[in-house]
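Geometric and topological summary
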Amino acid sequence: MPATHWATFAHDAASVPRARHVVRGVLDGAGLDEMATAEIEIVLSEIVGNAIRHARPLGDGAIHVQCEITVEVQPHVEIAVTDGGSPGRMVHQRVAEESDTSGRGLFIVDGLADEWGVVENVENLSRTVWASFGGPTRHHPH
């Protein structure tokens, strides 16, 4: 049975290390090796950072972070960050030039996560960016 943990964070840069700290606490008891935990933290940092830089907060002024852990043969972890979206802008991986000082976040996410994706919810004006580790996800469309 999956263990799901939710946390709400302010829509500001200080929430990146706070979210990482909370998720690290959740992951500590999941039986993951240090490298897997570090990779999940890196991806979480990128997704939370993107939510703060490029999207609006949710109606409550915050962003929501979810971490779900399922242990069957091996641990499976899915993280998700929900924000207020950014109308007219789609989440996409871009190609950064060598001299660019930003623009590599989703490239990092793509390289470390087994899968990742975006779910737009136009009804409640939110966007969720999710990433899966330890195998394919069971919760999101491919």
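Quick note: structure is the one above.
Computed from a predicted structure; not experimentally measured. (Residues numbered from 1 in each chain as written. Predicted model: local features only at pLDDT ≥ 70, side-chain atom pairs only at ≥ 80, totals over all residues. Heavy atoms only, no water.)

1. Considering the overall build of the chain
Here is the rule: Every helix listed is a DSSP run of H or I at least four residues long, and every strand listed is a run of E at least two residues long, numbered separately from the N terminus. The classification of residues rests on relative accessible area computed with a 1.4 Å probe and restricted to protein chains. Under 20% of the type maximum is buried, over 50% is exposed, and intermediate values are partly exposed. The contact rule is simple, with two residues in contact once any of their heavy atoms fall within 4.5 Å.
Looking only at helices and strands, one finds 3 helices and 5 strands in the chain. Secondary structure elements of the chain occur, N-terminal to C-terminal, as β-α-α-β-β-α-β-β. Taking all 142 residues of the chain together, 43% fall into the buried category. Restricting the contact set of the chain to residue pairs at least 6 apart, pairs at least 24 apart contribute 62%.

2. Remarks on the side chain of T37
By the secondary structure assignment, T37 is in helix α2 (residues 34-54). Setting aside chain neighbours within four positions, we find T37 in contact with R24, L27 and L32.

3. Some remarks on the nonpolar core
How we decide: In this description, a nonpolar core means a group of buried Ala, Val, Leu, Ile, Met, Phe, Trp, Tyr and Cys residues linked to one another through side-chain atoms lying within 4.5 Å.
Of all hydrophobic cores here, the largest spans 28 residues; its most connected members are V48 and I79. Elements with a minimum of two residues in this core: β1 (3-10), α1 (15-27), α2, β2 (62-71), β3 (75-83), α3 (105-112) and β5 (126-133). Element by element, the count of residues in this core is highest for α2, at 7 residues. If we skip the residues at most four places from it in the chain, V48 touches S15, V16, A19, I63, V65 and V81.

4. Points about the pattern of salt bridges
Quick note on the threshold: Here, a salt bridge means any Lys or Arg side-chain nitrogen found within 4 Å of an Asp or Glu carboxyl oxygen.
All chains considered together, the criterion is met by 4 salt bridges. Through salt bridges with shared partners, a single ionic network connects R24, D28, E34 and E41.

5. Things to note about the packing of α1 against α2
Helix packing geometry: the angle between the two helix axes and the distance between the axes. In plain terms, the rule: Fitted lines through C-alpha atoms serve as axes, helices being fitted only where they are in contact, and the angles separating the N-to-C directions of these axes extend from 0 to 180 degrees. By convention, the crossing between two helices is left-handed when the near helix turns anticlockwise from the far helix through less than a right angle, and right-handed when the turn is clockwise. Polar here means any residue other than Ala, Val, Leu, Ile, Met, Phe, Trp, Tyr, Cys and Pro, which are nonpolar, and Asp, Glu, Lys and Arg, which are charged; Gly is therefore polar.
Look at α1 against α2: their axes get within 9 Å of each other, and the N-to-C directions meet at 145°. Here α1 runs over α2; the crossing is right-handed. Residue-level inspection shows S15, V16, A19, R20, V23, R24 and L27 of α1 in contact with α2, the latter providing E34, T37, I40, E41, L44, S45, V48, G49 and I52. Taken together, the residues of the contact of α1 with α2 break down into 8 nonpolar, 4 polar and 4 charged.

6. Overview of α1
Note the cut-off: Multiplying 1.5 Å by the residue count of a helix minus one yields the expected span of that helix. What the arc describes is the spread of directions from the helix axis to the C-beta atoms.
End to end, α1 covers 18 Å across 13 residues, agreeing with the expected 18 Å (1.5 Å per residue, within 8%). Those residues of α1 that sit buried are S15, V16, A19, V23, V26 and L27. In a view along the axis of α1, the buried residues occupy a sector of 105°, so they form one face of it. Of the surrounding elements, those touching the buried residues of α1 are β1, α2, β2 and β3.

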